Amino acid sequence: MMNEDTTSASTSSSGGVRKFFQRLSQIYQSALDRSTPHTKLRWSAAGALVLIFLLRIFLNQGWYIICYALGIFHLNLFIAFLTPKIDPEFDPYANDDDGPNLPTRSNEEFRPFIRRLPEFKFWLSITKSTTIAIICTFFDCFNIPVFWPILVMYFITLFCITMKRQIKHMIKYKYLPFTRNKPRYQRVGEQTDSSK
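Sequence order sets the numbering: in each chain, residues are counted from 1 along the sequence as written. For this predicted model, a pLDDT threshold of at least 70 governs which residues receive local features, and a threshold of 80 or more governs which side-chain atom pairs are given and counted, while totals over whole chains, interfaces and linings are taken from all residues. The basis for every side-chain value is the complete set of heavy atoms in the structure, and neither hydrogens nor water enter the calculation.

(A) Representation of the packing of helix 3 (residues 64–82) against helix 4 (residues 119–136). Interaxial angle, 0 to 180 degrees, is taken between N-to-C directions of lines fitted to C-alpha atoms, where a helix line uses only the stretch in contact. A run of H or I in DSSP becomes a helix once it reaches four residues, and a run of E becomes a strand once it reaches two; helices and strands are each numbered from the N terminus. With their axes 10 Å apart at the nearest point, helix 3 and helix 4 run at an angle of 175° to one another. Looking at the two axes, helix 3 sits roughly antiparallel to helix 4. Here Ile66, Leu70, Phe73, His74, Leu77, Phe78 and Phe81 of helix 3 lie close against helix 4, whose contacting residues are Glu119, Phe122, Ser125, Ile126, Ser129, Thr130, Ala133 and Cys136. Three classes are used, and their members are as follows: Ala, Val, Leu, Ile, Met, Phe, Trp, Tyr, Cys and Pro are nonpolar, Asp, Glu, Lys and Arg are charged, and the others, Gly among them, are polar. Grouping the constituent residues of the contact of helix 3 with helix 4 by class yields ten nonpolar, four polar and one charged. Oblique is the label for any angle not under 35 degrees, not over 145, and not in the 65 to 115 range, which are roughly parallel, roughly antiparallel and roughly perpendicular in turn. Two residues form a contact once any of their heavy atoms are found within 4.5 Å.

Listed below in structure tokens is the structure:
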């Protein structure tokens, strides 16, 4: 009888903890869903968070390893953001004449650019990683003494090499990951505000 009471009490308490974390998860997801359409505001907040982190690094003169690791992580996220979801280099149908290919003429079918890392997930990863990096700067165990100019030079070299490779890939497969300056077409029958 006593064992049944303790198991039922522990089950109800674990159910309460589970419900608490489930509710917390729902609140978090709801906040993310509400922030989705506000792109400029989200990126402004992420930029402010990165500036706060860099200001903390600059003022405290430490945690350069954390800053370097965050820079490398952000670089990898940026490369994933620029890369197409289906890489033409590894597309199994690219060499076959029968398989689907990218359009080479204006009258062929248009296939939009789909990113490997969508913009929202890119922003969310940058925000989470910067928040974790800021939290890490409050612990002295992460303040490993290093000669920071070497890290800066290595990061600049790595950035240049990686971006050079990415730009060559863009030129080779003729894709542009940004929508700015791309032609926009209207449907037949739609009118612009200026023509009204």
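(B) Main features of the nonpolar core. Counting 17 residues, the largest nonpolar core has Leu77, Leu82, Leu117, Phe122, Trp123 and Ile126 as the members making the most contacts within it. Top element by residues in this core is helix 3. It accounts for six residues. For Leu77, the contacting residues outside a window of four places in its chain are Leu117, Phe122, Ser125 and Ile126. Nine residue types can take part in a nonpolar core, namely buried Ala, Val, Leu, Ile, Met, Phe, Trp, Tyr and Cys, and a core is a set of them joined through side-chain atoms within 4.5 Å. For the exposure calls, accessible area comes from a 1.4 Å probe over protein chains only, and a residue counts as buried if that area is under 20% of its type's maximum, exposed if over 50%, partly exposed in between.

(C) Quick look at the packing of aromatic side chains. Between the rings of Phe, Tyr and Trp (Trp by its six-membered ring), a pair exists once the centres lie within 6.5 Å; its type follows the angle of the planes, with under 30 degrees stacked, over 60 edge-to-face, and the other angles tilted. On inspection of all chains with the given rule, the structure shows nine aromatic pairs. For the ring pair Phe78 and Phe122, a centre distance of 6.4 Å and an interplane angle of 35° mean the geometry is tilted. You can see Phe78 sitting in helix 3 and its partner Phe122 sitting in helix 4, a full 44 residues away along the chain. Geometrically, the ring pair formed by Phe81 and Phe122 is stacked, given 4.7 Å between the ring centres and 20° between the ring planes. In this pair, Phe81 is assigned in helix 3 and Phe122 in helix 4, connecting sequence segments 41 residues apart.

(D) View of helix 4. A helix's residues, less one, multiplied by 1.5 Å, set its expected span. The terminal C-alpha atoms of helix 4, which comprises 18 residues, lie 26 Å apart, in line with the 26 Å expected from a rise of 1.5 Å per residue. Taken together, the buried positions of helix 4 are occupied by Phe122, Trp123, Leu124, Ile126, Thr127, Ser129, Thr130, Ala133, Ile134 and Cys136.

(E) Representation of the environment of Ile132 in the model. With respect to the secondary-structure elements, Ile132 resides in helix 4. Owing to a relative accessible area of 53%, Ile132 belongs among the exposed residues under this scheme. For the pair Ile132 and Leu70, spaced 62 residues apart in sequence, the C-alpha to C-alpha distance is 9.4 Å.

(F) Focus on the side chain of Ser129. Note on placement: Ser129 falls in helix 4. Assessed through its relative accessible area of 13%, Ser129 is described here as buried. Among the polar contacts listed, one links the side chain of Ser129 to the side chain of His74, at a separation of 3.0 Å. In the analysis that follows, any N or O atom pair within 3.5 Å is treated as a polar contact, provided that within protein one partner can donate a hydrogen and the other can accept it, and provided that, for residues neighboring in sequence, both atoms belong to side chains.

Just distances and angles here, no functional claims.
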